[in-house]
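Inside the fold
Listed below are the residues making up each chain.
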Amino acid sequence: MKLSDAVRAARANDDWDRLIQAIPFAVFLRVRMEVKGERLTCVLPGDDRLVGNPWLPALHGGATAGFMECAAILFLLWHRDSEAIPKTVDFTIDYLRSGKLQDTRATMQMVKLGSRVANIRVTAYQADPDKPIAVGYGNFLLPS
């Protein structure tokens, strides 16, 4: 099945696991997608294997960044009928506070969508959306 067919089937059946299966690291992280109307939120479940600082315990920064990059790619797949996975050109992240060992959510915003490149802003938060743990910006090369 082509990726664009998987995207259409996921929309029709509200079965977003098909998109997650297209990104092995998202599968490893056990990312979930929650779609409510026109709003997509990705969820990283709190898990002991993602701990970076066991004394706090706090999420590993790499797990947070990887989750946010996966969320941006999933957002692009959800937003458009892609024939292939968008390729990351660059992804920068600002860590704002420690992530606790609990579910982390990410919301995405399309900053710019061109014919070849998309710029996405990702905000990761836990209990309070007004207190993000990290903000990331990514540029992605879109499949032609």
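Preceding this paragraph is the structure being described.
This text gives an overview of the structure that appears in the document. Model, not experiment: these values are computed from the prediction.

With that settled, consider the overall build of the protein. On a plain count of helices and strands, the protein comes out with 4 helices and 8 strands. Taken over the C-alpha trace, the protein has a radius of gyration of 15 Å; the compact-globule value for 144 residues is 15 Å, and the two agree within 12%. When the backbone C-alpha atoms are referred to their principal axes, the protein occupies close to 45 × 30 × 25 Å. Residues counted as buried form 44% of the 144 residues belonging to the protein. Long-range contacts, defined here as pairs at least 24 residues apart, represent 60% of the contacts in the protein between residues at least 6 apart.

Turning our eyes to something else, we now look at the environment of Ala 124. The residue Ala 124 is located in strand E7 (residues 117-125) in this model. On a C-alpha basis, the gap between Ala 124 and Leu 96 in space is 9.8 Å, while along the polypeptide they are 28 residues apart. Leaving out residues up to four positions away in the same chain, Ala 124 has contacts with Met 68, Thr 104, Arg 105, Ala 106, Pro 132, Ile 133 and Ala 134.

Overall, the coordinates contain 2 aromatic pairs when judged by the stated rule. Measuring from ring centre to ring centre gives 5.9 Å for Phe 75 and Trp 78, while their planes differ by 40°; the resulting arrangement is tilted. In this pair, Phe 75 and Trp 78 both sit in helix H4 (residues 61-79), 3 residues apart, roughly one turn of the helix. Residue classification places Phe 75 among the buried positions, given a relative accessible area of 7%. If you follow Arg 49 out to its NZ or CZ, it ends over the ring of Phe 28, 4.6 Å from the centre.

Turning our attention to the sheet that holds strand E8 (residues 132-141). Taking strand neighbours across the sheet as the criterion, the 6 strands line up as E1-E2-E6-E7-E8-E5 in an open arrangement whose pairing is antiparallel. Each edge of the open sheet is held by one strand with a lone partner, namely strand E1 (32-36) and strand E5 (87-95). Averaged over all neighbouring strand pairs, the angle between strand axes comes to 25°, with direction disregarded. Bridge analysis of strand E6 (residues 104-113) against E7 gives 8 bridges, and the strand direction is antiparallel. Paired with Lys 112 across the bridge in E7 is Asn 119. Contacting E1, strand E2 (39-44), E5, E6, E7 and E8, H4 crosses the sheet at an angle of about 130° to E5.

Ranked by size, the top nonpolar core spans 39 residues in total, and within it Met 33, Cys 42, Leu 74 and Met 108 carry the most contacts. When contributions to this core are tallied by element, the ones reaching two or more residues are helix H1 (3-13), helix H2 (17-20), helix H3 (24-29), E2, H4, E6, E7 and E8. With 12 residues, H4 is the single largest residue contributor to this core. Not counting residues up to four positions away in its chain, the partners in contact with Cys 42 are Val 31, Arg 32, Met 33, Phe 67, Ala 71, Leu 74, Thr 104, Arg 105, Ala 106 and Met 108.

Cut-off values and rules
Residues numbered from 1 in each chain as written. Predicted model: local features only at pLDDT ≥ 70, side-chain atom pairs only at ≥ 80, totals over all residues. Heavy atoms only, no water. Helix = DSSP H or I, 4+ residues; strand = E, 2+ residues; numbered from the N terminus. Rg over C-alpha atoms; globule rule 2.2 N^0.38 Å. Buried < 20%, exposed > 50% of the residue type's maximum accessible area, 1.4 Å probe, protein only. Contact = heavy atoms within 4.5 Å. Phe/Tyr/Trp six-rings, centres within 6.5 Å; stacked < 30°, edge-to-face > 60°. Lys NZ or Arg CZ within 6 Å of the ring centre and 35° of its normal. Pairing = 2+ DSSP bridges. Axes fitted to C-alpha atoms, helices over the stretch in contact; angles between N-to-C directions. Core = buried A, V, L, I, M, F, W, Y, C linked by side-chain atoms within 4.5 Å.

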